[in-house]
Amino acid sequence: MNSAEQASHAENSARPQPPDPPGQPDEVLVEVVGCATQDAHAVFSALRESFASDRAADDVPTEINGASATVWTATVDVTDLHGQAAPRRLTAPVTVDLQGGYWAVNRIRESLTHAFAVRVVGTAAGDQEEEVQLRLENR
């Protein structure tokens, strides 16, 4: 890459990602990893307060005996924002993995900032999707 190409690449890398193309699903796969059941429920409740989800309000995560690390999942549709989630309490920091289109993942991350202190701890970018790992803590 010559210096002009490097400058163009750096400029394009710094720009915000455009919204997902029309017709693409605005769904994000959310995985809550290795935490207490009440913490997983707090995360899913905050998401459900903001967006449509495949987890019903009475669908409380449960532990599986003998499992070394439990992963709870939900699919969240970020097309319509229902409202901002109220702050929630966690018993310990929680790791959340998000996978979906750039705009959709960012919308989930932003909505979680109303309920928790959110820190991005890892990302993996693809052509049309990204994976982001978040660390959620009490505000």
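Okay, so let's go over this structure.

About the thresholds
- Residues numbered from 1 in each chain as written.
- Predicted model: local features only at pLDDT ≥ 70, side-chain atom pairs only at ≥ 80, totals over all residues.
- Heavy atoms only, no water.
- Helix = DSSP H or I, 4+ residues; strand = E, 2+ residues; numbered from the N terminus.
- Contact = heavy atoms within 4.5 Å.
- Areas by Shrake-Rupley, 256 points an atom, 1.4 Å probe, with all protein chains shown as cover.
- Pairing = 2+ DSSP bridges.
- Axes fitted to C-alpha atoms, helices over the stretch in contact; angles between N-to-C directions.
- Buried < 20%, exposed > 50% of the residue type's maximum accessible area, 1.4 Å probe, protein only.
- Lys, Arg positive; Asp, Glu negative; His and termini not counted.
- Salt bridge = Lys/Arg side-chain N within 4 Å of Asp/Glu carboxyl O.

1. Here we look at the overall build of the protein
Inference 1: If you tally the helices and strands in the protein, you get three helices and six strands.
Inference 2: Along the protein, helices and strands appear, N-terminal first, in the series α-β-α-β-β-β-α-β-β.
Inference 3: Residue pairs in contact within the protein that sit at least 24 positions apart in sequence constitute 72% of those at least 6 positions apart.
Inference 4: For the protein, the computed accessible surface area is about 8,000 Å², with 47% contributed by carbon and sulfur atoms.

2. Notes on the sheet that holds strand E2 (residues 52-53)
Inference 1: One open sheet accounts for six strands, arranged E2-E3-E1-E4-E6-E5; its pairing is antiparallel. With one partner strand each, in any of the chains shown, E2 and strand E5 (117-125) form the two edges of the open sheet.
Inference 2: Examined bridge by bridge, E5 and strand E6 (residues 129-137) share eight bridges and lie antiparallel to one another. Among the inter-strand pairings, Val118 is bridged to a residue of E6, identified as Leu136.
Inference 3: Most of the contacts of helix H2 (residues 37-50) go to strand E3 (residues 71-77), to which it runs at about 5°, and overall it touches strand E1 (27-33), E3, strand E4 (94-101) and E6.
Inference 4: Contacting E1, E3, E4, E5 and E6, helix H3 (residues 102-112) crosses the sheet at an angle of about 150° to E4.

3. Comments concerning the pairing of E4
Inference 1: Taking burial as the measure, the eight residues of E4 include seven buried ones, the bulk of the element.
Inference 2: Inspection of the sheet shows E1 paired to E4 by five bridges, in the antiparallel sense. Note that in E4 the partner of Leu29 across the bridge is Gln99.
Inference 3: By the bridge criterion, eight bridges tie E4 to E6 in an arrangement that is antiparallel. When the bridges of E6 are listed, Leu98 appears paired with Val132.

4. Looking at the side chain of Asp39
Inference 1: Structurally, Asp39 can be placed in helix H2.
Inference 2: It turns out Asp39 is buried and unbridged, and the closest side chain with the opposite charge, Arg89, is 9.0 Å from it.
Inference 3: Beyond its immediate sequence surroundings of up to four residues, Asp39 is in contact with Arg89, Leu90, Thr91, Ala92 and Val94.

5. Quick notes on H3
Inference 1: For H3, the set of buried residues is Tyr102, Ala104, Val105, Arg107, Ile108, Ser111 and Leu112.
Inference 2: Check the buried side of H3 and you find it contacts E1, H2, E3, E4, E5 and E6.

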